[in-house]
Amino acid sequence: MRLRRPVVLITGAGGEIGHGLVTRIAAAGSPIITLDVNVLERPLARLVAREFTGSINDVGLLDRILAEFEVDRVFHLAALLSSRSEFTPVAAHHVNVEGTLNLLEFAQRQGESHGRPVTFVYPSSIAAFGLPDPATKARAARVREDEYAHPQTMYGCNKLYCEQLGDYYAKHYKQLSADAIARVDFRAVRFPGLISALTLPAGGTSDYAPEMIHGAAKGETYHCFVRPDTTIPFMAMPDGVDALLQVASAPRQRLTRTTYNLTAFSRSASDIREVVVRAFPYATIEYRIDPKRQAIVDSWPADVDDSAARGDWGFAPRYDFDRAFEDYLIPTIRERYRR
Ligand code: AKB
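Residues numbered from 1 in each chain as written. Predicted model: local features only at pLDDT ≥ 70, side-chain atom pairs only at ≥ 80, totals over all residues. Heavy atoms only, no water.

1. Observations regarding the domain arrangement of the protein chain
Counted only if it meets this: Note that the domain bounds reflect an automated or database-derived domain assignment. Two residues form a contact once any of their heavy atoms are found within 4.5 Å. Summed over both partners, the accessible surface that disappears when two parts come together, traced with a 1.4 Å probe, is what is meant by buried area. Salt bridges are defined as contacts in which a side-chain nitrogen from Lys or Arg sits within 4 Å of a carboxyl oxygen from Asp or Glu. Whenever a nitrogen or oxygen atom comes within 3.5 Å of another N or O atom, the pair is scored as a polar contact, on the condition that within protein one atom can donate a hydrogen and the other can accept it, and that pairs from neighbouring residues in sequence are kept only if both atoms are in side chains. Helix and strand definitions here come from DSSP, where helices need a minimum of 4 consecutive H or I residues and strands a minimum of 2 consecutive E residues; each element is numbered from the N-terminal end.
According to the domain assignment, the protein chain contains domain 1 (5-192 + 237-261) and domain 2 (195-234 + 264-303 + 319-338). Using C-alpha coordinates to define each centre, domain 1 is positioned 25 Å away from domain 2. The partner domain 2 presents 25 residues to the 22 residues of domain 1 that form the contact. Both faces considered, domain 1 and domain 2 share a buried interface measuring about 2000 Å² in area, 59% of it formed by carbon and sulfur atoms. The largest contributions to the domain 1 side of the interface with domain 2 come from Glu16, Ile126 and Lys137, which together make up 28% of the buried area. Between the two partners, domain 1 and domain 2, sit one salt bridge. The partner of aspartate 303 in a salt bridge is arginine 142, and the shortest N-O contact between them spans 3.7 Å. In this structure, the connection of domain 1 to domain 2 is made through 13 residue pairs in polar contact (both at pLDDT 80 or more). Going through the elements one at a time, helix 1 (16-27), helix 4 (82-87), strand 6 (142-143) and helix 9 (237-249) are the ones with two or more residues in the side of domain 1 that touches domain 2. By residue number, the principal contributor to the side of domain 1 that touches domain 2 is helix 4, which donates four residues.

If you want it as structure tokens, here you go:
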């Protein structure tokens with residue numbers, strides 16, 4: 001007999017992905033508990049059953065959550081992004097790796113206590129790739145999951161390693177102990193640059209795209225820190241949230257891997273500038289290249305092969321480049337700043 005109602009745990013719930021994810025899961029009627037270092041904004045907090053303010057490295061706090069709740073799904077979103085992580089690599093490792101290890105251990109113990117695997121959804125990133133030079137990037141075209149896995153950033157190293165760690169918890173956990181059973185059903189997606197209309201980006205290297213739009217809508221001059229020809233894959237946030245929900249609910253037997261590439265469109269910085277300037281004719285967007293951030297983006301693929309996600313669990317983004325800007329980003333951001 002079940003004594004407690006299963007809940008969904010979302011870490012980093014106040015961040016860019018968390019906003020959309022909390023809203024969607026709450027609308028579907030599932031109770032949510034959140035863990036974030038910052039207090040959630042009021043409208044978001046109202047949607048959750050219980051809000052914990054604290055660190056994913058506070059093991060005592062995780063123990064309290066373990067004792068009080070039956071968690072059957074974890075969306076582990078908390079992380080320091082790529083640019084921020086290069087300034088504080090040790091702190092990035094602490095949050096991105098040790099924090100993820102704490103959450104995986106939490107999920108294993110939850111699964112042991114209620115006797116069923118806990119679905120653990122992990123947003124990884126194109127930062128897990130590392131292409132050595134622009135010529136290789138141009139030649140590589142649509143990179144598959146297992147190619148060029150030589151990240152050049154602390155964040156990329158953290159993401160790649162945590163994908164492996166999740167795989168270990170899902171398949172090989174304590175393999176020499178006769179009585180240990182793996183209780184973590186780990187599922188990771190490698191996100192491209194995500195562009196959200198609702199939240200401001202914080203600390204990413206793909207942020208030049210959302211920053212251009214938000215800057216233009218606010219009437220501020222924006223200095224784009226990468227060259228006009230710089231190309232990486234992107235996705236509109238609603239498709240990112242859909243992907244997390246879809247991969248979480250995909251039948252286990254359909255999944256042929258634990259980590260999946262995802263993309264919606266690959267466009268250059270100048271393509272993005274052009275569409276933003278068309279929508280906001282008074283926008284001032286200039287190029288002021290930051291060689292270090294440019295080098296990071298140059299090490300990320302121009303496009304990825306996401307056929308495994310499409311084939312295994314039906315990933316099909318709704319927003320291509322034109323729809324993302326015309327139907328989602330421009331109207332929503334315009335409205336946001338008008339208000
Ligand atoms: C970042 O730029 O750090 C992120 C990412 C690509 O994972 N947006």
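Moving on from the coordinates now.
2. Section: the sheet that holds strand 12 (residues 265-268)
Note the threshold: Here, a strand pair is defined by DSSP locating no fewer than two bridges between the strands. Only C-alpha atoms enter the line fits that serve as axes; for helices the fit covers just the stretch in contact. Angles between N-to-C directions range over 0 to 180 degrees.
Spatial ordering of the open sheet is given by 8-10-12, a layout of three strands whose pairing is mixed. The open sheet has two free edges, formed respectively by strand 8 (193-195) and strand 12, since each of these has just one partner strand. When the angles between neighbouring strand axes are averaged without regard to direction, this sheet yields 45°. Across four bridges, strand 10 (residues 231-236) lies against strand 12 in antiparallel orientation. The residue of strand 12 that forms the bridge with isoleucine 232 is arginine 267. Running over the sheet, helix 8 (residues 208-218) touches strand 8 and strand 10 and is turned about 20° from strand 8.

3. Description of the packing of aromatic side chains
How two aromatic rings sit relative to each other is set out by the distance from centre to centre and by the angle between their planes. Stated formally: Classification of ring pairs uses Phe, Tyr and Trp, with its six-membered ring standing for Trp, and accepts pairs whose centres are within 6.5 Å; under 30 degrees between planes counts as stacked, over 60 as edge-to-face, and the remaining range as tilted. Whether a residue is buried, partly exposed or exposed follows from its accessible area with a 1.4 Å probe, protein chains only, as a fraction of its type maximum: under 20%, in between, or over 50%, in that order. The rule is short: NZ of Lys or CZ of Arg within 6 Å of the ring centre and within 35 degrees of the ring normal puts a charge over the ring.
On inspection of all chains with the given rule, the structure shows 14 aromatic pairs. Between phenylalanine 265 and phenylalanine 321, the ring centres sit 5.5 Å apart and the planes meet at 65°, which makes this aromatic pair edge-to-face. Of this pair, phenylalanine 265 sits in strand 12 while phenylalanine 321 is found in helix 13 (residues 321-338), placing the two residues 56 residues apart along the sequence. What makes phenylalanine 265 buried here is its relative accessible area of 7%. In this structure phenylalanine 321 comes out as buried when scored by relative accessible area, which is 7%. Centroid distance tryptophan 313 to phenylalanine 315: 5.8 Å. Interplanar angle 55°. Geometry classified as tilted. Across this residue pair, the class does not change: tryptophan 313 and phenylalanine 315 are buried. By way of ring pairs, the aromatic residues Tyr208, Phe225, Phe234, Phe265, Phe321 and Phe325 are connected into one cluster. The positively charged end of arginine 323 is found above the aromatic ring belonging to tyrosine 319, 4.7 Å away from the centroid.

4. Here's the deal with the site of the ligand
The cut-off we apply is this: Each residue is tested against the molecule or strand, and it is near if at least one of its non-hydrogen atoms lies within 4 Å. For the accessible areas, the method is Shrake-Rupley and the probe is 1.4 Å, while residue cover comes only from the protein chains on display. Each residue is assigned to one of three groups, with Ala, Val, Leu, Ile, Met, Phe, Trp, Tyr, Cys and Pro labelled nonpolar, Asp, Glu, Lys and Arg labelled charged, and all others, Gly among them, labelled polar.
In the neighbourhood of the ligand, the contacting residues comprise Leu81, Ser82, Ser125, Tyr155, Gly204, Thr205, Ser206 and Trp300. For the ligand, an oxygen atom lies 2.5 Å from a polar atom in the side chain of serine 82. A distance of 2.6 Å separates an oxygen atom of the ligand from a polar backbone atom of threonine 205. A total of 250 Å² of accessible area belongs to the ligand in isolation, and the protein chains cover 92% of it. The residue inventory of the shell around the ligand, partitioned by class, reads three nonpolar, five polar and no charged. Taken together, domain 1 (5-192 + 237-261) and domain 2 (195-234 + 264-303 + 319-338) each give at least three residues to the shell around the ligand, which thus spans both.

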